[in-house]
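What follows is the residue order along each chain.
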Amino acid sequence: MKHSIRILSSLLLLVAFSVIARADEAYITNQGENTVSVLGLPDHRIIATIAVGKSPVGVATSAALSRVYISNVDSQSVSVIDAEKYEVIDTIDIGGSPVGIALSPDSQTLYVADWNDNRVLAIDTADPNQRREVSIGKAPAGITVSPDGSKLYVANRDSNDLAIIDTQSLQILQRVATGEHPFGITLGPDGKQILAVNVYANSLSVIDLETLETRTIPVGEHPYCVTVSPDSRYAYVTNTQADTVSVIDLEQNKETARISVGGFPEGINYDAATNRIYVANWFDNSVSVIDASSHQHIQDVPTGKQSRAFGQFILHKASH
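All values reported here derive from a predicted model rather than from experimental measurement. Numbers given to residues run from 1 along each chain, matching the order in which its sequence is written. Residue-level local features of this predicted model are given only where pLDDT is at least 70; pairs of side-chain atoms are given and counted only at 80 or more, and the full residue set underlies all totals for whole chains, interfaces and linings. With hydrogens and water excluded, all non-hydrogen atoms of the structure serve as input to the side-chain values.

## Points about the overall build of the protein
Secondary structure elements follow DSSP: runs of H or I no shorter than four residues count as helices, runs of E no shorter than two count as strands, and numbering proceeds from the N terminus. If you tally the helices and strands in the protein, you get 1 helix and 29 strands. Here the globule rule reads 2.2 Å times residues to the power 0.38, and the radius of gyration is calculated from C-alpha atoms. On C-alpha atoms alone, the protein measures out to a radius of gyration of 19 Å, which is about the 20 Å that the 2.2 N^0.38 rule sets for 320 residues. Along the three orthogonal principal directions, the C-alpha set of the protein runs to about 70 × 45 × 35 Å. In the protein, which comprises 320 residues, the proportion classed as buried is 54%. Sequence separation of at least 24 residues holds for 40% of the intrachain contacts in the protein that already meet a minimum separation of 6. Only the protein chains shown count as cover for residues, and the accessible areas themselves come from Shrake-Rupley with a 1.4 Å probe. Of the roughly 13,400 Å² that the protein leaves accessible, carbon and sulfur atoms contribute 47%. Per-residue accessibility, obtained with a 1.4 Å probe over protein chains only, is compared with the maximum for each type, and a residue is labelled buried under 20%, exposed over 50%, and partly exposed between these values. In what follows, residue pairs with any heavy atoms lying within 4.5 Å of each other are defined as contacts.

In structure tokens form, the structure reads like this:
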């Protein structure tokens, strides 16, 4: 009987450990100290701090590969992190100034926006020496891929537009005008619209991907990044010079609330598993946690110096 109890206890501990080990994680780039903080979700424990290249900015995650890709703007490279061992296993030389970064849905292609050289690179994740590139607008920043992998969307900050690119041919299909200085972008979970934050216009452009019609919604001062709720009802925009997050009702097309967070908030992601929103704060060296049900700021977690986390920084290990 005691032996059976011990076996059962061991099995329960193993199951519990597996659940913890497979919980989602947030990878926060700390530009001021050349590191990435790995934040466990939902317990908000810093699991690891990983040294990467100089001035890390962008993040792209792959549960399928158990890899995280980090763009390092000053060392002109991308660090490849093994998400099981929490260590850098490869460095991909880029040249120029890599900022925005995204993966295709099948994780076979890494897309990197080169800020200075006005181009986007398409890199084979299995063989990084295999790469293609396309010249784009001025100062490409935010970048994301359609759910079927057929289109790439790039915000060109100094051209004030969004480029839509065919991923097979790397040809620019269309350009859509945005507000002044678009930076962070994201696709709505329903795949019907793309959202672009306009830094100098203090607004959010919401673009219908079928008609390419755009509606513009005012937000706070000097917005930076945006994320969307899983039901596509709400958008959340970081306002860097107001230390707030704007809550946008996408059905009503207006801001319905502002949430105070840490100093100079930049990157933002929504974690559906915990129903929480995570915000990287540049000035406060922290991540603010927002309860998405109540829209309340519930916690700040210390990270590293000058946290940015530009891109999709949550790794969904639980779904792997």
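We are not done yet, so read on.
## Let's talk about the packing of aromatic side chains
Here is the rule: rings of Phe, Tyr and Trp (six-membered ring for Trp) pair when centre to centre is within 6.5 Å. Planes less than 30 degrees apart are stacked, more than 60 are edge-to-face, and the remainder are tilted. Tallied over the full model, the rule gives 7 aromatic pairs. Consider the rings of Phe183 and Tyr224, whose centres lie 4.7 Å apart with planes at 40°: the pair is tilted. Residue Phe183 is located in strand S16 (residues 182–187), and its partner Tyr224 is located in strand S20 (residues 223–228); the two are separated by 41 residues in the primary sequence. In this structure Tyr224 comes out as buried when scored by relative accessible area, which is 7%. Summarising the aromatic geometry, the rings of Phe264 and Phe283 are spaced 4.9 Å apart at their centres and angled 45° between planes, so their arrangement reads as tilted. Of the two residues, Phe264 sits in the loop between strand S23 (254–260) and strand S24 (265–271) while Phe283 sits in the loop between strand S25 (276–281) and strand S26 (286–291), which places them 19 residues apart along the sequence. Under the relative-accessibility criterion, Phe264 is labelled buried at 17%. Through a chain of ring-to-ring contacts, the aromatic side chains of Trp115, Phe183, Tyr224 and Phe310 assemble into a single cluster.

## Comments concerning the nonpolar core
Tyr27, Val68, Ile81, Tyr278 and Phe313 are the most contacted members of the largest nonpolar core, which totals 24 residues. Of all hydrophobic cores here, the second largest spans 20 residues; its members include Val57, Ala141, Val279 and Ala292. Throughout, nonpolar core names a set of buried Ala, Val, Leu, Ile, Met, Phe, Trp, Tyr and Cys residues whose side chains join them through atoms within 4.5 Å.

## Remarks on the sheet that holds strand S19 (residues 214–218)
Judged by pairing direction, the sheet is antiparallel, and its 4 strands sit side by side in the order S16-S17-S18-S19 without closing on themselves. The open sheet has two edge strands with one neighbour each: S16 and S19. In this sheet, adjacent strand axes meet at a mean angle of 20° when their direction is disregarded. When DSSP finds at least two bridges between two strands, those strands are taken to pair. For every element, the axis is a line fit to its C-alpha atoms; helices are fit only across the contacting stretch, and the angle between N-to-C directions ranges from 0 to 180 degrees.

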